[in-house]
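Residues per chain, in single letters:
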Amino acid sequence: MTDTLSYAEVIGDPIAHSKSPIIHKFWLEKLAIEADYRMFHVKPDELADYIASRRDDPHWQGCNVTIPHKLAVMDHVSDPGDVRASIGAMNTIARTESGDLFGTNTDAGGFFAPIADVPLTGQDVIVIGAGGAAQAVLFALSRIDVGSVTIINRNVLKASALLARFGLKGKALEHGSALPPARLLVNASALGMKGQDELLVDLSSLPDDAIIYDLVYVPLKTKLLVAAKARGLETIDGVSMLIGQAAVAFEIFFGQAPPLEHDEELRKLLLA
Ligand code: NAP
């Protein structure tokens, strides 16, 4: 690195689709912080060299980590929060005060941010999906003592294993099963995402105060959210979590909380 501006970045393969630079640059500008946030294409066989080069770069504040590096990166950094044993994947790398690199996962906090005011203790929840995003969701749910958790997933065994791993009571069901009543339904699967199959669920068994939270953000108005709105249910879209997980990372990188009062303006930028 030849310039002297402090910076953070997002790494992945592919990386061009990442929305992280839009979010972090927006907040840096609003707070007049003289720093940069970039995207950097890192292929799997380049990860070790990448980490080694950034470790020695004093201007580098850290990086967000996206597919396919969320597991591999755990072998290169310390894990003070025991993320490997809990969520099982890292999405943020930064420096400790002594300059060492550590990893963490801001997805669970990002997921939780839009529902922080909802009294979910003891309430039943449905989670669709059992991949990386679902693990962050289940970790967050395990911390707030929800009631029964029903995981609906193509691979039911994988879903059952996650219930046990996070110490949650509940059951695992196949797609197409009737939904049990629940206060919160989260789509943490790839279904409904652009280029993927549609998520087909019948929301009629849910109570009138159910909240439908879709982690998918491309498209933003998924068929699930449209169906939930048509039933008069409260909805939360994937951009809320996207902004939430970035907010936790921003504070780690740049030492200041982002100005969330500009969220509506940021949303417009993200959707442009
Ligand atoms: P992942 O680890 O690849 O998991 C994908 C999940 O979707 C698995 O449960 C998988 O089922 C299921 N799935 C995929 N194709 C399917 C199909 N054709 N039929 C049925 N199930 C299918 O992906 P991820 O990282 O968890 O991401 C999942 C979604 O969350 C994506 O849409 C992603 O964009 C979104 N996400 C959003 C945010 C945010 O900030 N808003 C953050 C992270 C992720 P099996 O287990 O049976 O394979």
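Structure: see above.
For clarity, every value in this text was computed on a predicted model and none was experimentally measured.

Engineer: Please explain the nonpolar core as it appears in this structure.
Structural biologist: Proteins that are soluble and globular tend to have nonpolar side chains buried together. Membership of the largest hydrophobic core comes to 34 residues, with the highest contact counts inside it found for Phe 111, Val 127, Leu 138, Leu 141, Leu 184 and Tyr 213. Those elements giving two or more residues to this core turn out to be helix 3 (107-112), strand 6 (125-128), helix 4 (132-143), strand 7 (149-152), helix 5 (156-165), strand 9 (184-187) and strand 10 (211-214). Among the elements that make up this core, the one with the highest residue count is helix 4 (7 residues). Residue contacts for Val 127: discarding those within four places in its chain leaves Ala 134, Val 137, Leu 138, Leu 141, Val 149, Thr 150, Ile 151, Ile 152, Val 186 and Ala 188. Counting 24 residues, the second-largest nonpolar core is a separate cluster that includes Phe 26, Tyr 37, Phe 254 and Leu 270.

Engineer: When you look at the pairing of strand 10 in this model, what are you seeing that I'm missing?
Structural biologist: Across a regular strand the side chains alternate sides, sitting on one face of the sheet and then on the other. The side-chain alternation of strand 10 yields two buried faces, one formed by Ile 211 and Tyr 213 and the other by Ile 212 and Asp 214. Here strand 9 runs beside strand 10; their pairing, made up of 4 bridges, is parallel. Considered in strand 10, the bridge of Asn 187 is made with Asp 214. Judged from the 3 bridges that link them, strand 10 and strand 11 (residues 234-236) form a sheet pairing that is parallel.

Engineer: When you look at the pattern of salt bridges in this model, what are you seeing that I'm missing?
Structural biologist: A pair can form between side chains of opposite charge whenever their charged atoms are brought close. Under the definition given, this model contains 10 salt bridges. Here Lys 70 and Asp 107 are joined by a salt bridge, their closest N and O atoms 3.4 Å apart. Residue Lys 70 is located in the loop between strand 3 (60-65) and strand 4 (92-95), and its partner Asp 107 is located in helix 3; the two are separated by 37 residues in the primary sequence. Look at Lys 70 and you get partly exposed, because its relative accessible area is 26%. With a relative accessible area of 10%, Asp 107 lands in the buried category. A salt bridge links Arg 183 to Asp 209, with the shortest nitrogen-to-oxygen separation between them at 3.4 Å. Residue Arg 183 is located in the loop between strand 8 (170-173) and strand 9, and its partner Asp 209 is located in the loop between strand 9 and strand 10; the two are separated by 26 residues in the primary sequence. For Arg 183, a relative accessible area of 16% corresponds to the buried category. What you see here is one network of salt bridges that share partners, running through Lys 25, Asp 36 and Arg 38.

Engineer: Would you take a moment to explain the sheet that holds strand 3 for this structure?
Structural biologist: Pairing within the open sheet is mixed, and its 5 strands lie in the order 2-1-3-4-5. For this open sheet the edge positions go to strand 2 (35-41) and strand 5 (101-104), each flanked by a neighbour on one side alone. Across the sheet, the mean angle separating the axes of adjacent strands is 25° when strand polarity is ignored. Relative to strand 3, strand 1 (residues 6-12) is paired through 5 bridges, and the arrangement is parallel. Paired with Glu 9 across the two strands is Cys 63, which belongs to strand 3. Contacting strand 1, strand 2 and strand 3, helix 1 (residues 20-30) crosses the sheet at an angle of about 170° to strand 2. The strands touched by helix 2 (residues 47-55) within the sheet are strand 1, strand 2, strand 3, strand 4 and strand 5, with strand 1 carrying the most contacts at an inclination of about 175°.

Parameters at a glance
- Residues numbered from 1 in each chain as written.
- Predicted model: local features only at pLDDT ≥ 70, side-chain atom pairs only at ≥ 80, totals over all residues.
- Heavy atoms only, no water.
- Core = buried A, V, L, I, M, F, W, Y, C linked by side-chain atoms within 4.5 Å.
- Buried < 20%, exposed > 50% of the residue type's maximum accessible area, 1.4 Å probe, protein only.
- Helix = DSSP H or I, 4+ residues; strand = E, 2+ residues; numbered from the N terminus.
- Contact = heavy atoms within 4.5 Å.
- Pairing = 2+ DSSP bridges.
- Salt bridge = Lys/Arg side-chain N within 4 Å of Asp/Glu carboxyl O.
- Axes fitted to C-alpha atoms, helices over the stretch in contact; angles between N-to-C directions.

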